[in-house]
Amino acid sequence: MRRKLAAGNWKMNGTGASLAEIEALAEAHPTPRSEVLICPPATLIAQMAWEAKGGPVMVGGQDCHAKASGAHTGDIAAGMLKDAGASHVILGHSERRADHGETDADVRAKSEAAIGAGLIAVICVGETEAQRDEGDTLKVIGTQLAGSVPDAATAANTVIAYEPVWAIGTGRTPTLDQIAEVHDFIRAELAKRFADADGIRLLYGGSVKPSNAAEIFATSNVDGALVGGASLKAADFGAIIAALDAA
Ligand code: 13P
């Protein structure tokens, strides 16, 4: 059985005052059936991890460098995230791929570093609207998986997030059939490479909110969500956790 995972990606949002949201979340959901992960900006990881210790909320990073240390101004190594109290790191988010030109090879190298440092890599894939309109969705996802997911991936150290670029922050979501098609495809692709592919969690991301969470969580091969905007408020993210617990 794959343990469900509700993951929040705060992106470039949040200051010290936002830590109150985690407190509220942990109070409202002290013993969720699902795993709960929040990936705040790097500035909040250490303090959030400290405050979340012993509670239901795990803390993750949003990116890491592929190298363990060195002359890379502004970057953060996987081992540093681990040292700060992170358990996971999001890698290859479409905003990193678009804003920083990250390639599949970059994402694979970062994922290897993350796994090597003892973090769980949450590797993101997803097509643009133009790619979907061209009928290239599965081809694009297949290429991203082949290039981004390292050979060292296992069910214990890797989570895959399917995030259609056109669904991120837009309020638009694919149909449930479209989500199922991609998630079933990802499962089948992973099975070609990994003996324990059946245990790798697959998250859907892109405009997940309390009102659509339950139907998405009832969809084939959806083991949870990677949530942006709706993860910023404890009430909204709590409702998504409750929907996942009930799925
Ligand atoms: P939204 O939930 O705001 O659409 O963002 C999704 C996302 O990019 C999570 O990584």
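Residues numbered from 1 in each chain as written. Predicted model: local features only at pLDDT ≥ 70, side-chain atom pairs only at ≥ 80, totals over all residues. Heavy atoms only, no water.

Draft legend 1. Seen up close, the sheet that holds strand β2 (residues 35-39). One closed barrel accounts for eight strands, arranged β1-β2-β3-β4-β5-β6-β7-β8; its pairing is parallel. Averaged over all adjacent pairs, the angle separating strand axes in this sheet is 25°, with direction ignored. Where strand β3 (residues 57-61) and strand β4 (residues 88-91) come together, two bridges link them in parallel fashion. When the sheet's bridge partners are listed, G61 is paired in β4 with V89. Against the sheet, helix α8 (residues 176-193) engages β5 (120-125), β6 (158-162) and β7 (201-205), with an angle of about 150° to β7. (Pairing = 2+ DSSP bridges. Helix = DSSP H or I, 4+ residues; strand = E, 2+ residues; numbered from the N terminus. Axes fitted to C-alpha atoms, helices over the stretch in contact; angles between N-to-C directions. Contact = heavy atoms within 4.5 Å.)

Draft legend 2. Representation of unusual backbone geometry in the model. Phi at K11 is positive, roughly 50°, even though this residue is not glycine. Topologically, K11 is positioned in the loop between β1 (5-9) and α1 (19-28).

Draft legend 3. Up close: the site of the ligand. Neighbouring residues of the ligand: 13 residues in total, closest K11, H93, G169, S207 and G229. At a separation of 2.8 Å, an oxygen atom of the ligand approaches a polar backbone atom of G228. Within the backbone of G229, a nitrogen or oxygen atom sits 2.8 Å from an oxygen atom of the ligand. Relative to its unbound accessible surface of 310 Å², the ligand loses 94% to contact with the protein. Its residues assigned to classes, the shell around the ligand comprises four nonpolar, seven polar and two charged. (Near = heavy atom within 4 Å. Polar contact = N/O pair within 3.5 Å; in protein donor to acceptor, adjacent residues only side chain to side chain. Areas by Shrake-Rupley, 256 points an atom, 1.4 Å probe, with all protein chains shown as cover. Nonpolar A, V, L, I, M, F, W, Y, C, P; charged D, E, K, R; others polar.)

Draft legend 4. Structural view of the side chain of E127. In this fold, E127 is placed in the loop between β5 and α6 (129-133). Residue classification places E127 among the buried positions, given a relative accessible area of 0%. The contacts of E127, once residues within four sequence positions are left out, are R132, T137, V140, I141, Y162, E163, P164, V165 and W166. (Buried < 20%, exposed > 50% of the residue type's maximum accessible area, 1.4 Å probe, protein only.)

Draft legend 5. The arrangement of the packing of α1 against helix α2 (residues 42-52) in detail. Running from N to C, α1 and α2 point in directions that differ by 25°, and their axes come no closer than 10 Å. On the basis of the axis angle, α1 is roughly parallel to α2. When you trace α1 past α2, the crossing you get is right-handed. Residues L19, I22 and E23 of α1 form the contact with α2, whose own contacting residues are Q47, M48 and E51. The class makeup of the residues in the contact of α1 with α2 is three nonpolar, one polar and two charged. (Parallel < 35°, antiparallel > 145°, perpendicular 65-115°, else oblique. Left-handed = near helix turned anticlockwise from the far one by under 90°.)

Draft legend 6. Main features of the pairing of β1. A large share of β1 lies buried, amounting to five of its five residues. Summarising the sheet, β1 and β2 pair through five bridges and their orientation is parallel. Each residue of the ladder has a partner; that of A6, found in β2, is V36. Handedness of the crossover is the feature at issue here: the chain leaves β1, passes through α1, returns alongside β2, and the resulting connection is right-handed. Bridging between β1 and strand β8 (residues 224-227) involves four bridges; their strand directions are parallel. When the bridges of β8 are listed, A6 appears paired with A225. (Right-handed = clockwise from strand over helix to strand, strands pointing away.)

Draft legend 7. Fine view of the state of the cysteines. Counted according to the given criterion, the structure contains zero disulfides. Lacking any disulfide linkage, C64 is separated from the closest cysteine sulfur, that of C39, by 12 Å. The exposure class of C64 is buried, given its relative accessible area of 0%. (Disulfide = S-S within 2.5 Å.)

Draft legend 8. Examining the nonpolar core more closely. Among the nonpolar cores identified, the biggest contains 59 residues, and I160, I186 and F217 are the most heavily contacted of them. If one sorts the elements of this core by residue count, helix α10 (residues 234-246) sits on top with six residues. For I160, the contacting residues outside a window of four places in its chain are I123, V125, L145, V149, I186, L190, I200, R201, L202 and L203. Core analysis: the second largest hydrophobic core is formed by 12 residues, I90, C124, A161 and L226 among them. (Core = buried A, V, L, I, M, F, W, Y, C linked by side-chain atoms within 4.5 Å.)

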